[in-house]
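Inside the fold
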Amino acid sequence: MDESRVRNNRAYYEVLAPEYDNAVRNRYLVNEEVSLRLARQSSLESIQSVLDLGSGTGATLETVLKYTRPTSVVAVDFSGRMLELLKNKISIPGLRTVQNDIDTYLANDSTRFDLITAIGGLELVPDPLKLMATINRHMADDGLFIFTYEPQLVGMRDQSEASTTYTRELEGKTLEFSVFRANPKHVQQTLEAQKLEIVSNELVPAYPRGGSVVQYGLLVVRKPSVL
Ligand SMILES: C[S@@+](CC[C@H](N)C(=O)[O-])C[C@H]1O[C@@H](n2cnc3c(N)ncnc32)[C@H](O)[C@@H]1O
C-alpha cells in the first residue's frame, strides 16, 4: 500500500517539476523560514559536507549556500526532472545529485554529514518518524539536521488525518499524491530518544493548499559531540 503511494508520489513530482520550479519562488514560504534559522546558528563556517533530502529544483540548497561553503554536497530526489532543473541553477564543485528514494538512499549509505536538510520532503515518506530515528547515524558530531514535517493537527481542516491522498490533473494525466503526517509529541520523543538536542521547534506557514495554509513543523536539531 505505502509502496504504491510512494510510486504515485514519484510519478506526480516527475510531472510537477516545471510547475513546482515556478511556484516555489512565490508560494513556497518555508525556505525563507529556514534562512532565518540558519542565520541564527554559530560556526556555520565549519560545515564541509551537506546532504539535502528531497532537494527538488534546489530552493533549499540555494538557501543553505547563502550561509555555508561546503566542499561536498549530495542532493537526493527521486525525480530526475527535478534534479535536472536543480543542476541548471546550482553548479558548484563537489555537487553530486542522486536520483533515489530518500529511505533507500539512507538505508544504503553510511556517510556522515555536517548539515542535513529535508525541507518539504519528510511528509512524502510513509514513516517520517522512522526516518527521524535513523538520521542520527548520518550526522557528524556537532552536525545539524534542519527539517520540516507536516504535523497532524487535531481539529484543523485538512491536517487532521494521519495521511491524505490528493488527486490532481496535470499535463492531461490524473495523478495522485499522498502526504504522511506525524504527531508533534511523537516527533519530539523520537528525537529525544536519539539524544539529539532540539535547538528550535516551531510551527511555520508552508504553502497555500485548498483554501488554507499548510502548517509545517520546522526543527533545527544538533547532534552533541562526544567528549
Ligand atoms: C515539496 S518539494 C521540496 C523541494 C525543496 N526541498 C524545496 O524546498 O523547494 C519535495 C521534493 O521531494 C521529492 N520527494 C518526495 N518524496 C520523495 C522520496 N520518497 N524520495 C526522494 N525524493 C522525494 C519530490 O520529488 C520533490 O522534489
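The rules behind these values
- Residues numbered from 1 in each chain as written.
- Predicted model: local features only at pLDDT ≥ 70, side-chain atom pairs only at ≥ 80, totals over all residues.
- Helix = DSSP H or I, 4+ residues; strand = E, 2+ residues; numbered from the N terminus.
- Buried ≥ 20, exposed ≤ 12 C-beta atoms within 10 Å, placed from the backbone.
- Contact = placed C-beta atoms within 7 Å.
- Near = placed C-beta within 6 Å.
- Nonpolar A, V, L, I, M, F, W, Y, C, P; charged D, E, K, R; others polar.
- Pairing = 2+ DSSP bridges.
- Axes fitted to C-alpha atoms, helices over the stretch in contact; angles between N-to-C directions.
- Parallel < 35°, antiparallel > 145°, perpendicular 65-115°, else oblique.
- Right-handed = clockwise from strand over helix to strand, strands pointing away.

1. Examining the overall build of the chain
Scanning the chain for helices and strands turns up 7 helices and 9 strands. With respect to the three principal axes, the spread of C-alpha positions in the chain is 55 × 40 × 30 Å. Per-residue burial over the chain gives 35% buried out of 227 residues. Once local pairs closer than 6 in sequence are excluded, the contacts in the chain between residues at least 24 apart make up 68%.

2. Regarding the site of the ligand
Not every one of the 23 residues close to the ligand is listed here, only the nearest: Tyr13, Gly54, Gly56, Gly120 and Leu124. Contributions of two or more residues to the shell around the ligand are made by α1 (2–27), α3 (59–67) and β2 (72–77). Take the shell around the ligand: its biggest share by element is 4 residues, from α1. Residue composition of the shell around the ligand, by class: 12 nonpolar, 9 polar and 2 charged.

3. Notes on the sheet that holds strand β4 (residues 113–118)
With respect to topology, 7 strands assemble into an open sheet ordered β3-β2-β1-β4-β5-β9-β8, the strand pairing being mixed. Of all the strands in the sheet, just β3 (95–99) and β8 (197–209) have a single pairing partner and so form its edges. Each neighbouring strand pair of the sheet contributes to a mean axis angle of 15°, computed without reference to strand direction. Judged from the 5 bridges that link them, β2 and β3 form a sheet pairing that is parallel. Counterpart to Ala75 in the pairing with β3 is Thr97. Sheet contacts for helix α2 (residues 30–40): β5 (139–149), β8 and β9 (212–222); angle to β9, the most-contacted strand, approximately 25°. Sitting on the sheet, helix α4 (residues 80–89) touches β2 and β3, and the angle it makes with β3 is about 165°.

4. Overview of the packing of α1 against α4
For the pair α1 and α4, the least separation of the axes is 7 Å and the interaxial angle reads 30°. Relative to α4, α1 is oriented roughly parallel. Contact with α1, carried on its side by Tyr13, Glu14, Ala17 and Asp21, involves Arg81, Met82 and Leu85 of α4 and no other residues of that element.

5. Quick notes on the pairing of β8
Note on strand geometry: in a regular strand, side chains alternate between the two faces of the sheet. Where β8 meets β9, 11 bridges bridge the pair, whose relative direction is antiparallel. Bridging from a neighbouring strand, Arg209 pairs with Ser212 of β9. Taking the residues between adjacent antiparallel strands as the criterion, β8 and β9 are bridged by 2 residues, where Gly210 takes a positive phi near 55°.

6. As for the environment of Leu44
Along the polypeptide, Leu44 turns up in the loop between α2 and β1 (49–53). Classification of Leu44 as partly exposed rests on a count of 17 C-beta atoms within 10 Å. Contact partners of Leu44, with chain neighbours within four places excluded, come to Leu38, Tyr67 and Thr68.

7. Some thoughts on unusual backbone geometry
The phi torsion of most residues other than glycine is negative, and most of the peptide bonds are trans. Positive phi, normally seen in glycine, also occurs at Asp142, with a value near 70°. Here Asp142 lies in strand β5. Judged by local crowding, Asp142 falls into the partly exposed class, with 14 C-beta atoms found within 10 Å. Backbone geometry places Asp158, a non-glycine residue, at a positive phi of 75°. Locating Asp158 in the fold gives a position in the loop between β5 and β6 (163–170).

8. A look at the pairing of β1
In terms of burial, β1 is a largely internal element, 4 of the 5 residues being buried. The sheet contact formed by β1 and β2 spans 5 bridges and is parallel. In the strand pairing of β2, Asp52 is matched with Ala75. In this fold, β1 hands off to α3, which returns the chain to β2; that crossover is right-handed. Sheet topology note: the β1/β4 ladder contains 3 bridges and is parallel. The partner of Asp52 across the bridge, within β4, is Thr117.

9. Some points on the environment of Glu19
By the element assignment, Glu19 lies in helix α1. Each C-alpha atom, one on Glu19 and one on Leu170, is 9.6 Å from the other, the two residues being 151 residues apart in sequence.

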